[in-house]
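Structural characterization, general
Now for the letters of each chain:
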Amino acid sequence: MHIRLVTPAAPRSRKGNRITALAWARLLRGLGHRVSVAERYYAGEACDLLVALHARRSHASIVAFRRRQPRGALVVVLTGTDLYADLPDDPAAQESVRLADRLVVLQAEGLAALPARARTKTRVIVQAAPTVPHLPPRRRTFDVAVVGHLRAVKDPLLTAAAVRLLPGST
């Protein structure tokens, strides 16, 4: 099967959507599929399945694919920005959800952000990272790692604010 993965993140980008697309491409290739990753789908391209990351930002690709292949398999992966910012008010994101055969959310709580009619075609895929070796706790410091593409919409200072709520040393 030829699968086209569309992500709004440019090649060599370190943004989450690009990282997800590349990881999924690797997994799908491992299952024997031909996979291409691009920023958009062009109407002349042939593929058996389009997987589009980000309903609003990949909307043009979603519409182009659906016009070219009205019965083609279309999966839309809803990002956090889609769920919590775009979907409630953005007609493009809403149309992407409607056009999709399947939706994917990356956390179970994402289902609650969807309209009831969209939940039946939605699957939760929790992404995993390699296991970090267990180390004994440090005695003199409290180390915190924040992993992700931090930007204003994700409140990058939330971790620092949360640390202030921790009890003092015991």
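Before going further, it helps to examine the overall build of the chain. What the chain contains, in helices and strands, is six helices and six strands. For the chain, the α and β elements follow one another from N to C terminus as β-α-β-β-α-β-α-α-β-α-β-α. The principal-axis extents of the C-alpha atoms in the chain amount to approximately 65 × 35 × 30 Å. Across the 170 residues in the chain, those meeting the buried criterion constitute 37%. Looking at the chain alone, contacts between residues at least 24 apart form 59% of all its contacts between residues at least 6 apart. Here the chain displays about 11,300 Å² of accessible surface, and carbon together with sulfur accounts for 57% of that area. Measuring between centres, the 27 positive side-chain charges of the chain sit 5 Å from its 12 negative side-chain charges.

With parallel pairing, six strands are arranged side by side in an open sheet as β2-β1-β3-β4-β5-β6. Each having just a single partner strand, β2 (34-38) and β6 (122-124) make up the two edges of the open sheet. Between one strand axis and the next, the sheet turns through 20° on average, direction left out of account. When strand β1 (residues 2-6) meets strand β3 (residues 49-53), the two strands line up parallel, connected through four bridges.

Pairing between side chains becomes possible if they bear opposite charge and their charged atoms approach one another. Applying the stated rule across the entire model yields five salt bridges. Asp86 is the partner of Arg56 in a salt bridge, and the nearest nitrogen-oxygen pair spans 2.8 Å. Of this pair, Arg56 sits in the loop between β3 and α2 (59-68) while Asp86 is found in helix α3 (residues 80-86), placing the two residues 30 residues apart along the sequence. You can call Asp86 buried: its relative accessible area is 10%. Residue Glu95 is joined to Arg98 by a salt bridge in which the shortest nitrogen-to-oxygen separation is 3.5 Å. One end of the pair is Glu95 and the other is Arg98, both in helix α4 (residues 91-99) and three residues apart, which spans about a single turn.

This paragraph deals with helix α1 (residues 16-30). Note on helix geometry: an α-helix contains 3.6 residues per turn, so any two residues three or four positions apart are oriented the same way. A rise of 1.5 Å per residue sets the reference length of α1, with its 15 residues, at 21 Å; its end C-alpha atoms lie 21 Å apart and thus fit the reference within 8%. Turning to α1, its buried residues number three or more, namely Asn17, Arg18, Thr20, Ala21, Trp24, Ala25 and Leu28. Burial along α1 is one-sided: seen end-on, the buried residues are contained in an arc of 160°. Away from the buried face of α1 by more than 90 degrees, exposed residues Arg26, Leu27 and Gly30 are located.

Attention shifts here to the layout of surface pockets. Using a probe with the size of a water molecule, rolled over the atoms, empty space left in the structure can be pinpointed. The calculated volume of the largest pocket comes to roughly 1,200 Å³. Along the wall of the largest pocket there are 37 residues; nearest its centre are Gly16, Asn17, Thr20, Gln127 and Lys154. Listed by contribution, the elements that provide at least two residues to the lining of the largest pocket are α1, β4 (73-78) and α3. At seven residues, the largest contribution of residues to the lining of the largest pocket is made by α1. Across the lining of the largest pocket, the residue classes tally to 20 nonpolar, 11 polar and six charged.

Criteria and thresholds
- Residues numbered from 1 in each chain as written.
- Predicted model: local features only at pLDDT ≥ 70, side-chain atom pairs only at ≥ 80, totals over all residues.
- Heavy atoms only, no water.
- Helix = DSSP H or I, 4+ residues; strand = E, 2+ residues; numbered from the N terminus.
- Buried < 20%, exposed > 50% of the residue type's maximum accessible area, 1.4 Å probe, protein only.
- Contact = heavy atoms within 4.5 Å.
- Areas by Shrake-Rupley, 256 points an atom, 1.4 Å probe, with all protein chains shown as cover.
- Lys, Arg positive; Asp, Glu negative; His and termini not counted.
- Charge placed at Lys NZ, Arg CZ, Asp CG, Glu CD.
- Pairing = 2+ DSSP bridges.
- Axes fitted to C-alpha atoms, helices over the stretch in contact; angles between N-to-C directions.
- Salt bridge = Lys/Arg side-chain N within 4 Å of Asp/Glu carboxyl O.
- Expected span 1.5 Å × (residues − 1).
- Arc of directions from axis to C-beta.
- 1 Å grid on protein atoms, 1.4 Å probe; cavity = no way out; pocket = protein on both sides within 12 Å on 5 of 7 lines; lining within 4 Å.
- Points joined across faces, edges and corners; volume = space filled by probe spheres on them.
- Nonpolar A, V, L, I, M, F, W, Y, C, P; charged D, E, K, R; others polar.

Read these as geometric descriptors, not functional statements.
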